[in-house]
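# Structural description and commentary
Here's the letter readout for the chains.
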Amino acid sequence: MPRLGAIWTIFLAIGAALMVAPATAHSPYFTKTEKIALPDGTTGEIRLLHGDGIMRSDPVRAVVIDAEGRALARSPQSYAMAIRCDDTLRCKAYDLNHFTVSEPDPKSLRPGERISGVDEKWTLEQGAQSWGFVTRRMSFSDLVVGHAVYLRNNVYPAVIPLLLTGFAAMFVLGVLRPAPSRRLY
């Protein structure tokens, strides 16, 4: 049976290997595209734009894009965000990190560059300024809806850490349990 010192040595070796592993950057990318009704009567899209978080999770923000592919609005940046649209194509972006809800504001939409390549995505992703959205604190119902949408769209990222933790606990409990005692009478 392995000793406690050997197990800690293995965990420390794995941790050290992960710490010195090279981190690589990736280009910004879009996920979760939904149709949205624009004030001029046309239909655009609201998307989640993920940046590059080398040492943290990827930063994410909601972006409204018109039919020609131009950015009209950009929400504040977060690390956990979900979008939901109703039947009338009115959409909300739920920021689960800051507990806020952002809704497109027709008065402050402004046509920006056409998003056609990686360079435009980098430009759109960087910076702290947001425009075209009205942001407010979440109500309790927003909190429930936002988390439900996030979990529905991110089942694997939510479930896999729980499974890995369970397997690690079973391993540790199985390896570190005391040996059965023997009575010598």
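The present account deals with the structure reproduced in this document. Computed from a predicted model, the values in this text were never measured in an experiment. (Residues numbered from 1 in each chain as written. Predicted model: local features only at pLDDT ≥ 70, side-chain atom pairs only at ≥ 80, totals over all residues. Heavy atoms only, no water.)

### Focus: the sheet that holds strand β3 (residues 60-65)
Using the following cut-off: Strands are treated as partners if at least two bridges between them are detected by DSSP. A helix here means a DSSP run of H or I that spans at least four residues, while a strand means a run of E at least two residues long, and both kinds are numbered starting from the N terminus. For helices, the fitted line uses only the C-alpha atoms of the stretch in contact; every axis is such a line through C-alpha atoms, and the angle between N-to-C directions lies from 0 to 180 degrees.
In spatial order, the strands read β1-β2-β3-β4; together these four strands make up an open sheet with antiparallel pairing. Among the strands making up the open sheet, the edge pair consists of β1 (29-37) and β4 (71-74). Shown here is a sheet whose adjacent strand axes are inclined to one another by a mean of 25°, direction ignored. Bridge count for strand β2 (residues 43-50) against β3 is six bridges, and the pairing is antiparallel. Paired with His-50 across the two strands is Val-60, which belongs to β3.

### With respect to the packing of aromatic side chains
Keep this limit in mind: Any Phe, Tyr or Trp ring, taking Trp's six-membered ring, that has another such ring centre within 6.5 Å forms a pair; planes under 30 degrees apart are called stacked, those over 60 apart edge-to-face, and the others tilted. For a lysine, the NZ atom is tested; for an arginine, the CZ atom; a charge sits over a ring if that atom is within 6 Å of the ring centre and within 35 degrees of the ring normal.
Within this structure, the stated rule accounts for zero aromatic pairs. Over the aromatic face of Phe-30 sits the side chain of Arg-47, whose NZ or CZ is 4.7 Å from the ring centroid. A cation over an aromatic ring shows up here: Arg-110 above the ring of Trp-131, its NZ or CZ 4.3 Å from the ring centre.

### Some details on the environment of Ser-78
Cut-off, in case you're wondering: Contacts between residues were defined by any pair of non-hydrogen atoms, one from each residue, lying within 4.5 Å. The term polar contact refers here to a pair of N or O atoms within 3.5 Å; inside protein, the definition further demands a hydrogen-donor-capable atom paired with an acceptor-capable atom, and it admits residues adjacent in sequence only when both atoms are side-chain atoms.
Here Ser-78 is to be found in the loop between β4 and β5 (81-85). Sequence-wise, Ser-78 and Asp-95 are 17 residues apart; in three dimensions their C-alpha atoms are separated by 6.5 Å. Excluding anything up to four places from it in sequence, Ser-78 contacts Asp-58, Pro-59, Val-60, Asp-95, Asn-97 and His-98. In terms of polar contacts, Ser-78 uses its side chain to reach the side chain of Asp-95, at 2.4 Å.

### Points about the layout of surface pockets
This is how the line gets drawn: Two kinds of site are reported from a 1 Å grid over the protein atoms alone, namely cavities, where a 1.4 Å probe fits but cannot get out, and pockets, open sets with protein on both sides within 12 Å along at least five of seven lines, and residues are called lining when an atom falls within 4 Å of a point. Grid points are joined across faces, edges and corners, and a volume is the space filled by probe spheres set on the points. Ten residues, namely Ala, Val, Leu, Ile, Met, Phe, Trp, Tyr, Cys and Pro, are considered nonpolar, four, namely Asp, Glu, Lys and Arg, are considered charged, and the remaining ones, Gly among them, are considered polar.
Of the pockets and cavities examined, the largest pocket occupies roughly 290 Å³. The wall of the largest pocket is formed by 16 residues, among which Thr-31, His-50, Met-81, Tyr-150 and Asn-154 lie closest to the centre. Going through the elements one at a time, β1, β2, β5 and α3 (140-153) are the ones with two or more residues in the lining of the largest pocket. At three residues, β1 tops the list of elements feeding residues into the lining of the largest pocket. One number sums up the size of the second largest pocket: a volume of about 200 Å³. If you go around the second largest pocket, the residues you meet are Ile-36, Ala-37, Leu-38, Pro-39, Leu-89, Arg-90, Cys-91, Glu-103, Pro-104, Pro-106 and Leu-109. When residues of the lining of the second largest pocket are traced back to their parent elements, those giving at least two are β1 and β7 (100-104). Class assignment for the residues of the lining of the second largest pocket results in nine nonpolar, no polar and two charged.

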